[in-house]
Amino acid sequence: MAAQFASEIGAKRLVLTHFSSRYLGSGSAYADGVMNEIRNLAKQHYGGPVTCARDFLRVEMQVNGEVHEHHPPRQPHEEWPGNIFKTASEAEGEEAVEAAAE
């Protein structure tokens, strides 16, 4: 795990990147919840600051040790439902409803 490695080498900061595409980077409540859970898991193994990077985040590291995070503007996004995965029968049922509507 990246957090454990960061702890072992004495890293001053941990920036987590390259999340699965199933995690929105939109700033939606769902995405924020997922990123908070990932951050909390990392903090169990690493005591320094942890950032879950979104697309286009810029992390500026100064020679004096200061670090500045430049976050891109948040885009409005439709919330994902609680369970985004469907069983085959649920998907088939939706297709049948759509076909009947046509």
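Use the structure listed above.
S.K.: Just give me the short version of the overall build of the protein, but keep the residues and values in it.
M.R.: Secondary structure summary: the protein contains three helices and four strands in total. If you list the helices and strands of the protein from N to C, you get α-β-α-β-β-β-α. A buried classification covers 18% of the 102 residues belonging to the protein. Put simply, of all contacts in the protein between residues at least 6 apart along the chain, 54% involve residues at least 24 apart. Carbon and sulfur atoms form 53% of the exposed surface of the protein, whose accessible area is close to 7700 Å².

S.K.: Lay out the nonpolar core in plain terms, naming residues and giving numbers.
M.R.: Listed in full, the 10 residues of the largest apolar core are Ala-3, Ala-6, Leu-14, Leu-16, Val-34, Met-35, Ala-42, Tyr-46, Val-50 and Cys-52. Looking at this core, the elements that each hand over two or more residues are helix H1 (2–9), strand E1 (14–16), helix H2 (29–43) and strand E2 (50–52). With three residues, H2 is the single largest residue contributor to this core. If near-sequence neighbours (up to four positions away) are discounted, Leu-16 is found in contact with Ala-2, Ile-38, Ala-42, Val-50, Thr-51, Cys-52 and Ala-53.

S.K.: Could you give me a rundown of the pairing of strand E3 (residues 58–61), with the residues and numbers involved?
M.R.: Bridging between E3 and strand E4 (residues 67–70) involves four bridges; their strand directions are antiparallel. Paired with Arg-58 across the two strands is His-70, which belongs to E4.

S.K.: Break down H2 for me, with residues and values.
M.R.: The first and last C-alpha atoms of H2 sit 21 Å apart over 15 residues, in line with the 21 Å expected at 1.5 Å per residue. Within the span of H2, buried status applies to Ala-31, Val-34, Met-35 and Ala-42. Summarising the axial view, the buried residues of H2 lie within an arc of 95 degrees, below the 170-degree limit, and thus occupy one face. In H2, those exposed residues whose orientation departs by more than 90 degrees from the buried face are Ala-29 and Glu-37.

S.K.: Explain the pattern of salt bridges to me, and be specific about the residues and the numbers.
M.R.: Pairs may arise between side chains of opposite charge once their charged atoms sit close together. A full pass over the atoms with the stated rule returns one salt bridge. With a closest N to O distance of 3.6 Å, Arg-13 and Glu-69 form a salt bridge. Here Arg-13, found in the loop between H1 and E1, pairs with Glu-69, found in strand E4; they are 56 residues apart in sequence, far enough to count as distant. On the basis of relative accessible area, Arg-13 is assigned to the partly exposed category, the value being 27%.

S.K.: Let's hear about the side chain of Thr-51: which residues, and what values?
M.R.: Tracing the chain through its elements places Thr-51 in strand E2. Classification of Thr-51 as buried rests on a relative accessible area of 7%. If near-sequence neighbours (up to four positions away) are discounted, Thr-51 is found in contact with Arg-13, Leu-14, Val-15, Leu-16, Leu-57 and Glu-69.

Thresholds, definitions, all that
Every chain's residues receive numbers from 1 upward, in the order its sequence appears when written. Thresholds applied to this predicted model are a pLDDT of at least 70 for local features of residues and 80 or more for the giving and counting of side-chain atom pairs; totals over whole chains, interfaces and linings are not thresholded and use all residues. Heavy atoms throughout the structure, all of them, feed into the side-chain values; hydrogens and water do not. Each helix is a run of H or I in the DSSP string that is no shorter than four residues. Each strand is a run of E no shorter than two, and both are numbered from the N terminus. Burial classes: relative accessible area under 20% of the type maximum marks a residue as buried, over 50% as exposed, and values in between as partly exposed (1.4 Å probe, protein chains only). Working rule for contacts: check all heavy atoms of both residues, and any pair within 4.5 Å makes them a contact. Accessible areas in this description were obtained via Shrake-Rupley with a 1.4 Å probe; residue shielding takes into account the shown protein chains only. By nonpolar core we mean a set of buried residues, namely Ala, Val, Leu, Ile, Met, Phe, Trp, Tyr and Cys, connected to one another through side-chain atoms within 4.5 Å. Here, strands pair whenever DSSP counts at least two bridges between them. Expected span of a helix: the number of residues minus one, times 1.5 Å. Regarding the arc, it is the one traced by the directions from the helix axis to the C-beta atoms. Throughout this description, the term salt bridge denotes a Lys or Arg side-chain nitrogen within 4 Å of a carboxyl oxygen of Asp or Glu.

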